[in-house]
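# Report on the structure
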Amino acid sequence: MHVSYMGLEPMKKRTGRKRTDPVRNNQLDEIHVLSCRGFSQSQIAAQMGLSQSQISRDLDTIGRLMSPQDATEKAKRRDRLLSEMRHAKKELWDAWERSKKDKETSTKEKVVLPGHAKKGGKSANERNKASIRSEGRLPNSSYMGQLKIFN
């Protein structure tokens, strides 16, 4: 039996792997997402119940898995990313153009004037009233900030 540094309690002897492959693969996905969202290795470790050094090793593994080894795979990945960026840029420009348009608000109401009721309970003086109101607005400048990423 091993004894801890302070000599107060026995340390557990390590027996094999703590994570099965399916569990590890799921955790790798989650670690990658958290890392992309800007969490530090220590924050990820605390959230996942793992050590910071394990998170570091897992991020290295993720980097190796995501890094293509041959030039054709790199070219395919680059083309796919460029395509996604073109699509995102187009969406941002469309959103910018929509943000510059006037805001329209439509309202509908039923107007009932006093009078005699017809068969079926409808009033003789019942009608629908509709209106559309348009108001100008300034474009949403946050779209331009996002477009700077692409330049």
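Here the structure is a predicted model, which is why all the values come from computation and not from measurement.

With 75% of its residues at a pLDDT of 70 or more, the protein shows a mean pLDDT of 76. The weakest mean pLDDT in the protein belongs to strand S1 (residues 2-3) at 43; the strongest belongs to helix H2 (residues 41-48) at 94. Predicted confidence for residues 1-13 stays below pLDDT 50, and this span has eight contacts to residues more than four positions away or in other chains.

Once that is clear, we can look at the environment of threonine 61. Tracing the backbone through its elements, the reader meets threonine 61 in helix H3 (residues 52-66). Between the C-alpha atoms of threonine 61 and leucine 28, which are 33 residues apart in sequence, the distance is 8.5 Å. In contact with threonine 61, not counting residues within four places along its chain, are Arg24 and Leu28.

Attention shifts here to the pattern of salt bridges. Throughout the structure, instances matching the rule amount to four salt bridges. One salt bridge connects lysine 90 with aspartate 94, and the closest N-O pair in it is separated by 2.9 Å. Taken together, the positions of lysine 90 and aspartate 94, both in helix H4 (residues 71-100) and four residues apart, correspond to about one turn of that helix. Take lysine 90: its relative accessible area is 48%, and that puts it in the partly exposed class. Residue lysine 100 pairs with glutamate 97 through a salt bridge whose shortest N-O separation is 3.4 Å. Highlighted residues: lysine 100 and glutamate 97, both in helix H4, separated by three residues, approximately one helical turn. Taking the relative accessible area as the measure of exposure, lysine 100 reaches 39% and is therefore partly exposed. Through salt bridges with shared partners, a single network forms among Arg19, Arg24 and Asp58.

Judged by nonpolar contacts, Leu28, Ile31, Leu34, Ile44, Ala45, Met48, Ile55, Leu59 and Ile62 together constitute the single largest core of nine residues. Of all elements in the fold, only helix H1 (21-36), H2 and H3 reach the threshold of two or more residues within this core. Ignoring any residue separated from it by four or fewer positions in sequence, one finds isoleucine 31 in contact with Ile44, Met48, Leu50, Ile55, Asp58, Leu59 and Ile62.

The contact between H2 and H3 brings their axes to 8 Å, and the two run at 105°. Taken together, the axis directions place H2 and H3 in an arrangement best described as roughly perpendicular. Residue-level inspection shows Gln41, Ser42, Ile44 and Ala45 of H2 in contact with H3, the latter providing Gln52, Ile55, Ser56 and Leu59. Broken down by class, the residue content of the contact of H2 with H3 amounts to four nonpolar, four polar and no charged.

Under the 1.5 Å per step criterion, the end-to-end length of H3 is 21 Å for 15 residues, consistent within 8% with the ideal 21 Å. The complete set of buried residues in H3 reads Gln54, Ile55, Asp58, Leu59, Thr61 and Ile62. Projected onto a plane normal to the axis of H3, the buried residues spread over an arc of 160° and lie on a single side. As for H3, its buried residues are in contact with H1 and H2.

Looking now at the side chain of arginine 19. Position of arginine 19 relative to the elements: it lies in the loop between strand S2 (10-11) and H1. A distance of 2.7 Å separates a polar atom in the side chain of arginine 19 from a polar atom in the side chain of glutamine 27. Within the structure, the side chain of arginine 19 is placed 3.0 Å from the side chain of aspartate 58, a separation counted as a polar contact. If we ignore the near neighbours within four places in the chain, the residues touching arginine 19 are Arg24, Gln27, Leu50, Gln54 and Asp58.

Here is what the cut-offs are and how they apply
Residues numbered from 1 in each chain as written. Predicted model: local features only at pLDDT ≥ 70, side-chain atom pairs only at ≥ 80, totals over all residues. Heavy atoms only, no water. pLDDT = per-residue confidence, 0-100. Helix = DSSP H or I, 4+ residues; strand = E, 2+ residues; numbered from the N terminus. Contact = heavy atoms within 4.5 Å. Salt bridge = Lys/Arg side-chain N within 4 Å of Asp/Glu carboxyl O. Buried < 20%, exposed > 50% of the residue type's maximum accessible area, 1.4 Å probe, protein only. Core = buried A, V, L, I, M, F, W, Y, C linked by side-chain atoms within 4.5 Å. Axes fitted to C-alpha atoms, helices over the stretch in contact; angles between N-to-C directions. Parallel < 35°, antiparallel > 145°, perpendicular 65-115°, else oblique. Nonpolar A, V, L, I, M, F, W, Y, C, P; charged D, E, K, R; others polar. Expected span 1.5 Å × (residues − 1). Arc of directions from axis to C-beta. Polar contact = N/O pair within 3.5 Å; in protein donor to acceptor, adjacent residues only side chain to side chain.

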